[in-house]
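One-letter residues, chain by chain:
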Amino acid sequence: MDLKEIQSLIKFVAKSGASEVKLETDDVKITIKTGSEDKKGETTTYVQQIPVNQALPTQQVTPQASAATDAAPAQGQAAEEDSKYITIKSPIIGTYYRRPSPDKPNFVEVGDTIAKGDVLCIIEAMKLFNEIEAEVSGKIVKVLVDDSSPVEFDQPLFLVDPS
């Protein structure tokens, strides 16, 4: 079998839609595997998943590690104090912002009195800015997240004194 015959065989197999063809003669053994669609699918999935998996841990590991080290001593001291407060948690994953734009004041400060439905912050998720509203009325006791930092689902954002 010469090179031209092999090339024409490859073209024929590709056009036929067969996924694999094996050809054995006395002196030649050829296996032709198509499946370029599978390879493209695997490549596309691989390329898309790698940046996400590499980007997220580098952004999320640092805040989680620092939050864990900061929260460990604070939990022992403030556990009894925090029990009388209501915790407002993040309903989504995203980036936390305390103000509507860089040139505007913060939505709320420690000591501010809030009513149910007041906007407390914005969480950006996938280029959408979601206003987070107060679920309860009360007084802001503590802001638990730094501005422009990533937050996880159900992560505490504020402590509110309902009295």
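About the thresholds
- Residues numbered from 1 in each chain as written.
- Predicted model: local features only at pLDDT ≥ 70, side-chain atom pairs only at ≥ 80, totals over all residues.
- Heavy atoms only, no water.
- Helix = DSSP H or I, 4+ residues; strand = E, 2+ residues; numbered from the N terminus.
- Contact = heavy atoms within 4.5 Å.
- Pairing = 2+ DSSP bridges.
- pLDDT = per-residue confidence, 0-100.

This part covers the overall build of the protein. Of regular secondary structure, the protein possesses two helices and ten strands. For the protein, the sequential pattern of α-helices and β-strands runs α-β-β-α-β-β-β-β-β-β-β-β. Contacts in the protein between residues far apart in sequence, at least 24 positions, make up 52% of those at least 6 positions apart.

Our next topic: the sheet that holds strand β10 (residues 156-161). Two orientations exist for strands paired in a sheet by backbone hydrogen bonds: parallel and antiparallel. Taken in spatial order, the four strands of this open sheet run β3-β10-β8-β5, and their pairing is antiparallel. Either end of the sheet is taken by a strand with one partner, and the two such strands are β3 (86-89) and β5 (113-114). Pairing analysis gives four bridges linking β3 to β10, with the strands arranged antiparallel. Within the sheet, the bridge partner assigned to I86 lies in β10 and is V160.

With that settled, consider the confidence of the model for the protein. Caution is warranted with low-pLDDT regions, since their predicted coordinates should not be read in detail. Looking at the protein as a whole, the pLDDT averages 74, with 69% of positions reaching at least 70. Model confidence for the protein, summarised as mean pLDDT per element, is weakest for helix α2 (residues 36-82) at 44 and strongest for strand β4 (residues 94-97) at 95. Contacts from residues 36-69, a stretch scored under 50 in pLDDT, to residues over four places away or in other chains number seven contacts.

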